[in-house]
Amino acid sequence: MALMKHLSLMSISVGARMLAGIVSLPIIARALGPENFGLLMLWLTTASLLCILNNFGFGSYILREVGLYPEKAAKLICDAFIAKIILTIGVIVASVVVFPILLKCSWAIFPLVIGAMLGESFTEFFSVGLRASGNFNTDARVSIFSALIYGFGVGLAAWLTKSLFVVVVAYFITRLIVTLITWVQLSLVFQGIAPSSIKEGFNQIRLTKSYAYDSALGALFGQVDALILNFYANPVILGIFQAGMRLFMAFMQVATVLSNVFFPLMARAKMQGIVSGNHENNISELFFLGIGVLGGLAFTYTGPHIVVLLFGQKFEALKLLMPWFGLLYFIRMWAACWGNILTIDGKQNMRAIITLIHWLVIGLLSVYLVPFYKSVGWILALIIGTTFLAVAYAYFLAKPIKFYIKNVAVAIVFFVLIGLRLNLT
């Protein structure tokens, strides 16, 4: 009962954000057009890449550690809070140097974009604190209110003004408001959440290094593509691709739902013994694999129709990419489940190494595929690289042969259903 209750509340939380994104995304894309939308995504992506430093894997760390030691929840969050602040100073310094030079955008825009992404980073950190401590109901309420602010704030700004600058301002203001709301709610739960000492902050950074490596490499997904396609193509192609990728990333939030619910449960079950731990792992696998199949088929067979409905004729080329996004969705969900189990098993260093190799595979493939196939080439590189990631995770998990037969059987059926819809145009 507790599992279903947490899954339901977490689904409401992430579902509200997904809905806000799905509603506001086409409004912004239609208002700005492919070129300006591509520029906006390039700026936001670059800011998100810089913010990888201050994320530092604190989310996974808190979920696992609070699951193991719930009585230490407040201290764990406060220690991570000061560590995040220390790293945020580094992000601000780096952004002053990197952002204007790399993107050649105005000094009026870059602090707003960086501020918006930093605000989003802290919002997610505070939300993880609520979820790790079992306060899914509070997180759900905050998420619904936040979704309204995000959706109406940014969407309305784009619809009324069609101005790229005004949209950036709206991003900044809405993210700042939501960050403050989430921090207040977390403080109410713990009767005050404040940063620990600077010494504790640096100690926390040292403790979470292995989580940081994996988090940084994982955060490249959905972000680095903007830089790659901007280099090989142009803002129009980038804007069309990013419209699809943002929709894809919205639905990948389902993985966040499952991870946030199962991480503490799997950690506690592991403490209780091998049998209990394997039971929770198998339930997690069932949810990830099932949703991966459903989501992948939805992208493949309904995605092209959704593109026409949401984005209009200017984004017509996106229809050809949707089956590829469907295949990628299935494989990402497949790999995400096994990656979580590796972390719970204490093999975080191994997970980080495998993730690094998978990005090297993607980078090597992109050199050959992207110049010829543009957006499809990049997605194909992601698919092959993520397949390697999933297989490597499974190998190091050393599961029984039934584990492989079950998963491979599902994969084969899925590939047959989706294969005829793929093309390299």
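Rules used throughout
- Residues numbered from 1 in each chain as written.
- Predicted model: local features only at pLDDT ≥ 70, side-chain atom pairs only at ≥ 80, totals over all residues.
- Heavy atoms only, no water.
- Patch = residues over 30% accessible without salt bridge, like charges linked within 9 Å, V, L, I, M, F, W, Y side chains within 5 Å.
- Areas by Shrake-Rupley, 256 points an atom, 1.4 Å probe, with all protein chains shown as cover.
- Salt bridge = Lys/Arg side-chain N within 4 Å of Asp/Glu carboxyl O.
- Helix = DSSP H or I, 4+ residues; strand = E, 2+ residues; numbered from the N terminus.
- 1 Å grid on protein atoms, 1.4 Å probe; cavity = no way out; pocket = protein on both sides within 12 Å on 5 of 7 lines; lining within 4 Å.
- Points joined across faces, edges and corners; volume = space filled by probe spheres on them.
- Phe/Tyr/Trp six-rings, centres within 6.5 Å; stacked < 30°, edge-to-face > 60°.
- Lys NZ or Arg CZ within 6 Å of the ring centre and 35° of its normal.
- Core = buried A, V, L, I, M, F, W, Y, C linked by side-chain atoms within 4.5 Å.
- Buried < 20%, exposed > 50% of the residue type's maximum accessible area, 1.4 Å probe, protein only.
- Contact = heavy atoms within 4.5 Å.

1. Thoughts on a nonpolar patch on the surface
Thinking step 1. Nonpolar side chains collect at one region of the surface, where Leu19, Val23, Ile27, Leu156, Trp159 and Leu160 lie side by side and expose about 620 Å² of accessible area between them.
Thinking step 2. Those elements giving two or more residues to the nonpolar patch turn out to be helix 1 (2–50) and helix 6 (136–161).

2. Details of the layout of surface pockets
Thinking step 1. Put simply, the largest pocket is a space of about 210 Å³.
Thinking step 2. Lining of the largest pocket is provided by 13 residues; of these, Ala20, Val23, Leu148, Gly151 and Phe152 occupy positions nearest its centre.
Thinking step 3. Secondary-structure elements contributing two or more residues to the lining of the largest pocket are helix 1 and helix 6.
Thinking step 4. Here the element with the most residues in the lining of the largest pocket is helix 6; it accounts for seven residues.

3. Some details on the packing of aromatic side chains
The geometry of an aromatic ring pair is captured by two quantities: the separation of the ring centres and the angle between the planes.
Thinking step 1. Across all of its chains, the model carries 18 aromatic pairs by this definition.
Thinking step 2. Seen in terms of ring centroids, Trp334 and Trp338 are 5.4 Å apart; in terms of plane orientation they differ by 45°. Their pairing is tilted. Of this pair, Trp334 and Trp338 both sit in helix 14 (residues 322–344), four residues apart, roughly one helical turn.
Thinking step 3. Between the NZ or CZ atom of Lys84 and the centre of the ring of Phe122, over which it lies, the distance is 5.2 Å.
Thinking step 4. The ring of Tyr150 has Arg175 lying over it, and the distance from NZ or CZ to the ring centre is 4.1 Å.

4. Some points on the nonpolar core
Thinking step 1. Ranked by size, the top nonpolar core spans 127 residues in total, and within it Leu40 and Phe325 carry the most contacts.
Thinking step 2. Among residues more than four places away in sequence, those in contact with Leu40 are Ile28, Leu32, Leu164, Val167, Val168 and Tyr171.

5. Thoughts on the pattern of salt bridges
Thinking step 1. Summed over the entire model, instances satisfying the criterion amount to six salt bridges.
Thinking step 2. A salt bridge links Lys75 to Asp79; the shortest N-O distance between them is 2.6 Å. One end of the pair, Lys75, and the other, Asp79, are both in helix 4 (residues 73–103), four residues apart, so they sit about a helical turn from each other.
Thinking step 3. Note on Lys75: relative accessible area 48%, which makes it partly exposed.
Thinking step 4. Judged by relative accessible area, Asp79 falls into the buried class, the value being 5%.
Thinking step 5. Among the salt bridges present, the one from Arg175 reaches Glu120, with a minimum N-O distance of 3.1 Å. Placement of Arg175 in helix 7 (residues 164–189) and of Glu120 in helix 5 (residues 110–132) is noted, with a sequence separation of 55 residues between them.
Thinking step 6. For Glu120, a relative accessible area of 33% corresponds to the partly exposed category.

Nothing here speaks to function; it is all geometry.
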